[in-house]
Amino acid sequence: MGEDMKVAATETVRVERMAYGSAGVGRLASGKAVFVEGAVAGDVAEVVVTDEKPRLAFARAARIVEPSPDRAQKPLCPHALECGGCAWSQLAYDVQLAHKRACVVDALVRNAHVERERAEELVAPCAPSKRQTGYRNKLELACGTDAAGRFTLGFHREGTHDIVEPATCPLAVRYIERAPRALRGALRFLQGSQDLGIYRVGVRGSVRTKSVEVALWTPPSAFPRTAVAKTLVDALRATSVVRVLAEPGRARKVKKVEALEGKGLWEESLADARFFTTAPSFFQVNTAQAERLVDLVMEGLEIEQGSYVADLYAGGGTFSVPLARAGADVVAVEVAGSSVRDLRRNADANRVEVEAVCGDVARELPELGELDALVVDPPRAGLDPSVVDSIAAARPARVAYVSCDPQTWARDVERFASRGFRLARVTPVDMFPQTYHVETVSIFEHISA
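What comes next is a walk through the structure. Please read these numbers as outputs of a predicted model, since none were measured by experiment.

## As for unusual backbone geometry
Excluding glycine, residues mostly have negative phi values, and the peptide bonds linking residues are mostly trans. The omega torsion of the bond from A279 to P280 falls at 10 degrees, within 30 degrees of zero and hence cis. When you line up the elements, P280 lands in the loop between β14 (273–277) and α6 (287–301). One non-glycine residue, A271, lies in the positive phi region at around 55 degrees. On the secondary structure map, A271 appears in the loop between β13 (266–270) and β14. Overall, A271 belongs to the partly exposed group, its relative accessible area being 25%. Residues other than glycine seldom take positive phi values, yet Q434 does so here, at roughly 75 degrees. Tracing the chain through its elements places Q434 in the loop between β20 (421–429) and β21 (439–446).

Next comes the structure, spelled out in structure tokens:
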């Protein structure tokens, strides 16, 4: 048999747990840990090793020999394993929650070097989402061309630039669940024989306010604004249609946002407050679970009237507004100009005072002086060591750290410990059912407080 005709060797593996990702983890006959794509905890799978390193290996499941008793009864979506948007939907929901908590515990042990027994004591059960589907208030859709050269819209196939074209998304709230097909047809009609330059589409929907916004990302160029607005309002009953003018690419520096229909704002209700968000500003995608984050932060910080509190990486004010409503003197720091404008608008809409500072946290935090409490909700990369130093210098009695990545959070836990803060409690929150992602709310107490 020629070299190119060799069949890759297979090995049977029992998958023991879920990694913080789409793969299950087991061990090869050699004892080496192997990450298996296409298998879940409890499966016995025939695997093909695709990459091997000195201490671990990567494989794909060629065949499930013995399915896990924890597998879900039926697929959530025919495209679930293609787009990667609901990679854990193969698992029963209570099992998803258990594995998410386990990922947080493991991160504490491995990255923060906390004793496992102590980590198990610190980490509460993962707070479940009331809705396991129909919870996402936002979808991000990629654009391209299909085999026939026509405009198409959908989600990137996991690990590629190919586009999967679902009719609906079961994770989306009902107002936008049919957006993939509806917008694909509408934009294909609008494009006709001309290229409008649309390379990304964002759509937001609220069950609580019935607000629906479509955001089209294009380079600056001539654009049929009136025709686009009318067609998209008809296709999705959009209350707002905007065009975000930005060159494609990783940086995507926004030059301008044009309102084509409506006020150019998306409206949501959260924690008894009204929030207005403009493209491209960030807003938590699971509104009900975002309220759980707010509750945990408020409970953990024990805010009193007149407490001086900083909200770092504040976004549009998800935490700033409730803190101010509780009587705190709030200073919010955020680097994105669109989010700062949203934050100021949201503070005014909810009749509270928030000092909004547009700037880099590392630069602005040392200027704030001593604080009573602080909430930090950084991006996935976590905190720069200089920010942890500045937090320690501000001497807040309590810090609430909201994280979307257990690994970088656990690294920062160790940094906080070395600067005089004790980790008091940890609550994983399931913001993203059917996926491996988990949000973590942790409370630190200053040891001298």
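## What to know about the pairing of strand β7 (residues 151–156)
Taking burial as the measure, the six residues of β7 include five buried ones, the bulk of the element. Summarising the sheet, strand β6 (residues 138–145) and β7 pair through four bridges and their orientation is antiparallel. In the sheet register, A142 faces β7, and the bridge partner there is G154. Between β6 and β7, which pair antiparallel one after the other, the connecting turn spans five residues, and G149 there sits at a positive phi close to 85 degrees. Taken together, the two bridges between β7 and strand β8 (residues 163–164) define a ladder with antiparallel strand orientation.

## Here we look at empty space enclosed by the protein
The full count for this structure, using the stated rule, is two cavities of 30 Å³ or more. Each pocket or cavity is described by its volume, and for the largest cavity that value is around 40 Å³. In terms of lining, the largest cavity is formed by L296, E299, G300, R425, T427, V441 and I443. Only α6, β20 and β21 provide two or more residues apiece to the lining of the largest cavity. Here the lining of the largest cavity gets three residues from one element, more than from any other, and that element is α6. Considering only residue class, the lining of the largest cavity consists of three nonpolar, two polar and two charged. The volume enclosed by the second largest cavity comes to roughly 30 Å³. Every residue lining the second largest cavity is listed: F275, F276, T277, S281, F282, F283, G316, D342 and N346. Put simply, the parts of the chain that give the lining of the second largest cavity at least two residues each are β14 and α8 (337–349). Broken down by element, the lining of the second largest cavity gets its largest block of residues, three residues, from β14. The class makeup of the residues in the lining of the second largest cavity is four nonpolar, four polar and one charged.

## Structural notes on the pattern of salt bridges
Applying the stated criterion to the full structure yields 27 salt bridges. A salt bridge links E120 to R101, with the shortest nitrogen-to-oxygen separation between them at 2.9 Å. One end of the pair, E120, is in helix α3 (residues 116–122); the other, R101, is in helix α2 (residues 93–111), and 19 residues separate them in sequence. Residue E120 is classed as partly exposed on the basis of its relative accessible area of 37%. Under the relative-accessibility criterion, R101 is labelled buried at 18%. Ionic contacts of the salt-bridge type, sharing partners, join the residues R225, R243, K256 and E258 into one network.

## Section: the nonpolar core
One finds L183, L187, V201, V203, V214, L216 and L232 to be the most contacted residues of the largest nonpolar core, which totals 74 residues. Ignoring anything within four residues of it in the chain, the contact list for L232 reads L183, A186, L187, V214, L216, R237, A238 and V241. Ranked by size, the runner-up nonpolar core spans 40 residues in total, among them L108, L368, Y401 and V438.

What counts, and at which threshold
Residues numbered from 1 in each chain as written. Predicted model: local features only at pLDDT ≥ 70, side-chain atom pairs only at ≥ 80, totals over all residues. Heavy atoms only, no water. Helix = DSSP H or I, 4+ residues; strand = E, 2+ residues; numbered from the N terminus. Buried < 20%, exposed > 50% of the residue type's maximum accessible area, 1.4 Å probe, protein only. Pairing = 2+ DSSP bridges. 1 Å grid on protein atoms, 1.4 Å probe; cavity = no way out; pocket = protein on both sides within 12 Å on 5 of 7 lines; lining within 4 Å. Points joined across faces, edges and corners; volume = space filled by probe spheres on them. Nonpolar A, V, L, I, M, F, W, Y, C, P; charged D, E, K, R; others polar. Salt bridge = Lys/Arg side-chain N within 4 Å of Asp/Glu carboxyl O. Core = buried A, V, L, I, M, F, W, Y, C linked by side-chain atoms within 4.5 Å. Contact = heavy atoms within 4.5 Å.

None of this, on its own, says anything about what the molecule does.
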